[in-house]
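What follows is the residue order along each chain.
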Amino acid sequence: MQDYKAMIAFATVVEQGSMQAAAEKLAITPSAVTQAIQKLESELRIKLLNRTTRKLSLTEAGEVFYQHTSQMQKSVDEAFKNIELLRSQPVGQLTIACATGLTDSLFVNMFKSVLKNHPEFHLNLLFEDKVIDLSEQRVDIALRAGPDVLNDNMIARHLYDFEWKIVAHRDYVREKTAETGEPKNLLEIAKWDWISFSNPRFSSLKMQNQSKEMEITPDYRINCNSLYASRRLTMSGLGVSIQPDNDVQQALARGELVELFCDWKLPSVPLYLVTLQRVQSEKVRIACELITEYFKNLNVINADCSAQP
């Protein structure tokens, strides 16, 4: 195995012009520098330096070897500079994996200032409802929803609890009630046309109304592979779906969507901010703070809304 410390010592001696100056530069003793050079020459089985009491000079082999070791030293210095930059500045690519339901949420807007003020910062968003391998995909931050989405090697921070609503477009509700009459209970709603987003957790729905509990199995007529897609199809009037409360509030307020059997509630789903490392680069640290602040504010807004009569 090559002795890289000895190579750097050799390059420093050549650049500084003496063993003493090289030792001061490297913060080691002159004897340690001498031993490193001797060890290197022994391993290479060729002389690299001509040493006299007054000066040092390179041999032909030393000239050749220095050309490569100096480049190696520059590469090492550059590597440390780049790592220090990553540690201290939001630069490079930041990859965030999150559920598709967050596609049209406002949390992405939190990065506007970072993108504007740091041209070397790049944001890579992976909207996926399936659980992906964070290490294999080189994901810096993941937003994962559900009680069973965390592994032992992950550092997880609880952000939020999603509340769910059963919703449908007003035109669909109008047409369906004209056809079959007003639904009297959840079992009748379960027979309507439902839209799923390929999450086995919701193949059946456990509903609660104060002390009452009921489990229904919706008739999923349309299946798609993302929560966001199921919402768009619901907005198009193709059927009923369950959606996170925050994602459909505006459509409900406008009257485009209608909430069905609002007295019955689904269990909330926790959302976690997940990373694989405790010591983070500056871009990851800033991103974690922005995301945490966004959901903290969302919790405050929801608490205020719940407190209103």
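Scroll up to find the structure.
These numbers were taken from a predicted model, which means no experiment stands behind them. Sequence positions are assigned chain by chain, starting from 1 and proceeding in written order. For this predicted model, a pLDDT threshold of at least 70 governs which residues receive local features, and a threshold of 80 or more governs which side-chain atom pairs are given and counted, while totals over whole chains, interfaces and linings are taken from all residues. Computation of side-chain values covers all heavy atoms of the structure but excludes hydrogens and water.

This brings us to the overall build of the protein. Numbered from the N terminus, helices here are DSSP runs of H or I no shorter than four residues, and strands are runs of E no shorter than two. The helix and strand tally for the protein stands at ten helices and 14 strands. Each principal axis of the C-alpha atoms in the protein carries an extent, and together these give about 105 × 35 × 35 Å. Looking at the protein residue by residue over its 309 residues, the buried ones come to 39%. Surface summary for the protein: the accessible area is close to 18,300 Å², and the carbon and sulfur share equals 50%. A simple rule labels every residue: compare its accessible area, found with a 1.4 Å probe on the protein chains alone, to the largest value its type can have, and call it buried under 20%, exposed over 50%, or partly exposed in between. Using a 1.4 Å probe, the Shrake-Rupley method yields the accessible areas, and only the shown protein chains count as cover for residues.

Attention now moves to the state of the cysteines. Two cysteine sulfur atoms make up a disulfide if the distance between them is within 2.5 Å. Evaluated as defined, the whole model comprises zero disulfides. The cysteine C224 is free of any disulfide, with C98 supplying the nearest cysteine sulfur at 17 Å.

Another point: the pairing of strand β7 (residues 164–169). Counting buried positions along β7 yields six of six residues, so the element is predominantly enclosed. Here β7 shows two buried faces, one formed by W164, I166 and A168 and the other by K165, V167 and H169. When DSSP finds at least two bridges between two strands, those strands are taken to pair. Here five bridges tie β7 to strand β12 (residues 240–244), and the two strands are oriented antiparallel to one another. Along β12, the bridge assignment pairs K165 with Q243. As paired strands, β7 and strand β13 (residues 257–259) are joined by three bridges and run antiparallel to one another. By the bridge assignment for β13, A168 is matched with V258.

It is worth spelling out the packing of aromatic side chains at this point. Pairing of aromatic side chains here covers Phe, Tyr and the six-membered ring of Trp, requires ring centres within 6.5 Å, and sorts the geometry by plane angle: under 30 degrees stacked, over 60 edge-to-face, intermediate tilted. Scanning the model with the defined rule gives nine aromatic pairs in all. Ring geometry for Y160 against F295: centres 5.7 Å apart, planes inclined by 45°, an arrangement best described as tilted. Highlighted residues: Y160 in strand β6 (residues 155–162) and F295 in helix α10 (residues 282–307), separated in sequence by 135 residues. Since its relative accessible area comes to 2%, Y160 is described here as buried. Ring geometry for Y294 versus F295: centroids 4.9 Å apart, planes at 85°, classification edge-to-face. As far as burial versus exposure is concerned, Y294 and F295 are alike and both buried. In this structure an aromatic cluster arises from ring pairing among Y160, F162, Y294 and F295.

We now examine the pattern of salt bridges. For salt bridges, the criterion is a side-chain nitrogen of Lys or Arg within 4 Å of an Asp or Glu carboxyl oxygen. Per the stated rule, a full pass over the model turns up nine salt bridges. Put simply, D171 and R174 hold a salt bridge, and the shortest N to O gap is 2.8 Å. Taken together, the positions of D171 and R174, both in helix α6 (residues 170–180) and three residues apart, correspond to about one turn of that helix. Here R174 falls in the exposed class, since its relative accessible area comes to 51%. R285 serves as the salt-bridge partner of E282, at 2.6 Å between the closest nitrogen and oxygen. Of this pair, E282 and R285 are both found in helix α10, three residues apart, which corresponds to roughly one turn of the helix.

With respect to the helices, strands and loops of the structure, R221 is situated in strand β11 (residues 220–223). R221 gets classed as exposed once you look at its relative accessible area, which sits at 54%. With 28 residues separating them in the primary sequence, R221 and D193 have C-alpha atoms 5.5 Å apart. Contact between two residues is taken to exist if any of their heavy atoms lie within 4.5 Å; hydrogens are not considered. Setting aside residues no more than four positions away along its own chain, R221 makes contact with D193 and W194.

Another aspect to go through is the pairing of strand β10 (residues 212–216). Relative to β10, strand β9 (residues 205–209) runs antiparallel, the two sharing five bridges. Looking at β10, one finds that K206 is bridged to E215. Between β9 and β10, which pair antiparallel and follow one another directly, the connecting turn spans two residues, one of which, Q210, has a positive phi of 55°.

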